[in-house]
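# Structural features, examined
Residues per chain are reported as follows:
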Amino acid sequence: DAKTTQPPSMDCAEGRAANLPCNHSTISGNEYVYWYRQIHSQGPQYIIHGLKNNETNEMASLIITEDRKSSTLILPHATLRDTAVYYCIAPDGMRFGAGTRLTVKP
Amino acid sequence: DSGVTQTPKHLITATGQRVTLRCSPRSGDLSVYWYQQSLDQGLQFLIQYYNGEERAKGNILERFSAQQFPDLHSELNLSSLELGDSALYFCASSGRVPNTGELFFGEGSRLTVL
């Protein structure tokens, strides 16, 4: 079963930053946190992953707390195309929870 | 394009029947994962294979079985189908080291059981 907790839904205004939280309090020291998103019924798409340092790529930034019990995915300038279900996965990198349904509004 | 190919894309069958879903992983990936996603539900992990061997098992029913062949493609067999088996079935693959690296998903096979 998934070992992460995410809010079921969030809204964000277009052009603003979307901050999606995730609790993964049972993660151990060498286990990564992965983020994916699923748009409609398409196959999930990898976004980013991290261990303990903050990470950034062309899609998003990942902030992991120092105690590694939680993380935040940041979409810096959300667009309507970012409307999707976002999944935070830990610790085994393959069991998905219910995710957060992000709706970006004009 | 993730590089993961799933066939068929759509399948309609009747209760009690048996179907086989096929997945070809990305070139070089040794791990294959199967997921079930019922309508408006999350992704349920079914099973993982690594280089032909079963590696991890999730909520896979006894009526379902899977295997990974020497050429690394995988098949998910669903038998004695019930209405509740109607769902999207996704396959994903990942790289050479088990449980590391991102998953690359196919576009799914949509199964409808009537």
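### Considering the sheet that holds strand β8 (residues 84-89) of chain A
Residues and elements named next belong to chain A. Read from one edge to the other, the open sheet built from 5 strands follows the order β1-β9-β8-β3-β4, with strand pairing classed as mixed. Across the chains shown, the open sheet's two edge strands, defined by having one partner strand only, are β1 (9-13) and β4 (45-50). Across the sheet, the axes of successive neighbouring strands diverge by a mean angle of 25 degrees, strand direction being ignored.

### Remarks on the packing of aromatic side chains
Taken as a whole and assessed by the stated rule, the structure comprises 11 aromatic pairs over all chains. Ring centres 5.4 Å apart and planes at 85 degrees place the aromatic pair Phe96 of chain A and Tyr35 of chain B in the edge-to-face group. Taken together, the residues span two chains, with Phe96 of chain A in the loop between β8 and β9 (100-105) and Tyr35 of chain B in strand β4 (residues 31-37). Like Phe96 of chain A, the residue Tyr35 of chain B is buried in the burial classification. Taking 6.4 Å as the distance between ring centres and 70 degrees as the angle between the ring planes, the aromatic pair formed by Phe64 of chain B and Tyr89 of chain B counts as edge-to-face.

### What about the pattern of salt bridges?
Enumeration over the complete set of coordinates arrives at 5 salt bridges over all chains. Between Asp11 of chain A and Lys105 of chain A there is a salt bridge, and its shortest N-O distance comes to 3.1 Å. Taken together, the residues Asp11 of chain A in strand β1 and Lys105 of chain A in strand β9 connect sequence positions 94 residues apart. For Lys105 of chain A, a relative accessible area of 41% puts it in the partly exposed group. The salt bridge partner of Arg37 of chain A is Asp82 of chain A, with a shortest N-O separation of 2.8 Å. Here the residue Arg37 of chain A occupies a position in strand β3 (residues 33-38), and Asp82 of chain A occupies one in the loop between β7 (70-75) and β8, the gap between them amounting to 45 residues. What you see here is one network of salt bridges that share partners, running through Arg63, Glu82 and Asp85 of chain B.

Calculation rules
- Residues numbered from 1 in each chain as written.
- Chains lettered and ligands numbered in written order.
- Predicted model: local features only at pLDDT ≥ 70, side-chain atom pairs only at ≥ 80, totals over all residues.
- Heavy atoms only, no water.
- Pairing = 2+ DSSP bridges.
- Helix = DSSP H or I, 4+ residues; strand = E, 2+ residues; numbered from the N terminus.
- Axes fitted to C-alpha atoms, helices over the stretch in contact; angles between N-to-C directions.
- Phe/Tyr/Trp six-rings, centres within 6.5 Å; stacked < 30°, edge-to-face > 60°.
- Buried < 20%, exposed > 50% of the residue type's maximum accessible area, 1.4 Å probe, protein only.
- Salt bridge = Lys/Arg side-chain N within 4 Å of Asp/Glu carboxyl O.

Without other data, these values stay purely geometric and don't point to any function.
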